[in-house]
Amino acid sequence: MRIGGLIASCCFMIYGVACTEFWHLALVHSITGVGVGLLVPGIGPTLQKYNSAAHPKRLAQASALPMFGLQAGMIAGPMIQGAIVGDATDRDRMNIAWLFCGSCMLIGFLLFESAFGRIMNHAAFKSTKLTPKQVEIAMKTDAQPQEEFIDEMCALLRAMLTEGNEQYRGFRAWHGVAQQLISKVLDESFPFLPKQTPEDGSQAYYEALAAWVAKNGTEEHHAFWRERLPHIPLPGVDIDNAHGMLMGAFGAMDVHGGNVDVAQAGRTYTRTVSHSTTRRARGDSTESRPRADSVESQAQAV
């Protein structure tokens, strides 16, 4: 495609100065045809493949946008060329018109080259093994291409263990015990997750992943999880946040004379735990967590 674009651009530029005989015109025409033939067939399929991967839900709009530029060029091109050529009696103006035409062709080809370079490096185009839904999620979360991210993490680990590197963390990688500990930390940092199975909706997979996110994630990551998967609680995070809501349920009941509806309290606690993530995802307010001594005293009273 690159060769075709360069050939077509150069041929358009020399039409005016090189074609003084009929056979000159035929020769330049044939070479131009070869250039255009190499350029045009590669544009449509590449754009279609990119649009299908990057914009599966807006395929019609993505495919229609290039047509606006085509129509604008077809409207403006004849008027500009007509103004340059004039009454078509001046040979110099004719040569300038062809030179202008070839220059526009070259600029268009360079724009195509730039756009196609970005398309080839786009995550959606590289992730041909991903489903359209996975590609959409990767784009929304501003993810790097998978292979590029893995290579970057490998390079970062090497930098952290290499003396003299600005990322060096001070661990003596030549020491056997240090090597064992580093290997242990890396192995335990990435647990084996269960396989996703359609039978249970991948419940076991997401529960194991939730435990990993709860342990290693920040509050921002926890909020992202609650927004996307509110029905799967984060172990050790959402349960703790539900304690305050449980104490609020106890406090709302009649505790005078030791009369407490324990069954109702248990049902309230169950609902609190199972729906705590949903409440937080909606932004509902929750009461602050009570002090430990207050929790103990109320539990003893029950």
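Because the structure is a prediction, the values reported are computed rather than measured. (Residues numbered from 1 in each chain as written. Predicted model: local features only at pLDDT ≥ 70, side-chain atom pairs only at ≥ 80, totals over all residues. Heavy atoms only, no water.)

Caption draft 1: Spotlight on the environment of Ala210. Within the fold, Ala210 resides in helix H10 (residues 203-216). Exposure remark for Ala210: the relative accessible area of 0% places this residue in the buried category. Considered as a pair, Ala210 and Leu229 are 19 residues apart in the sequence and their alpha carbons are 9.3 Å apart. Apart from the residues within four sequence positions on either side, Ala210 is in contact with Trp225, Ile232, Pro233, Leu234 and Pro235. (Helix = DSSP H or I, 4+ residues; strand = E, 2+ residues; numbered from the N terminus. Buried < 20%, exposed > 50% of the residue type's maximum accessible area, 1.4 Å probe, protein only. Contact = heavy atoms within 4.5 Å.)

Caption draft 2: Geometry of the confidence of the model for the protein chain. With 75% of its residues at a pLDDT of 70 or more, the protein chain has an overall mean of 76. Note that pLDDT drops below 50 for residues 252-302; the model gives that stretch 57 contacts with residues more than four away or on any other chain. (pLDDT = per-residue confidence, 0-100.)

Caption draft 3: Just a nonpolar patch on the surface, in detail. A cluster of nonpolar residues, Phe149, Ile150, Met153 and Leu156, forms a patch on the protein surface that exposes about 320 Å² of accessible area. Structurally, the position occupied by Ile150 is in helix H8 (residues 146-160). (Patch = residues over 30% accessible without salt bridge, like charges linked within 9 Å, V, L, I, M, F, W, Y side chains within 5 Å. Areas by Shrake-Rupley, 256 points an atom, 1.4 Å probe, with all protein chains shown as cover. Salt bridge = Lys/Arg side-chain N within 4 Å of Asp/Glu carboxyl O.)

Caption draft 4: Quick look at the side chain of Thr32. Mapped onto the elements, Thr32 comes out in helix H2 (residues 22-39). You can call Thr32 buried: its relative accessible area is 6%. Other than its neighbours up to four places away in sequence, Thr32 contacts Cys11, Phe12 and Tyr15.

Caption draft 5: Focus on H2. The end-to-end C-alpha distance of H2, which contains 18 residues, comes to 26 Å, matching closely the 26 Å that a straight helix rising 1.5 Å per residue would cover. Considering only its buried residues, H2 is in contact with helix H1 (2-18), helix H3 (43-54) and helix H5 (91-120). (Expected span 1.5 Å × (residues − 1).)

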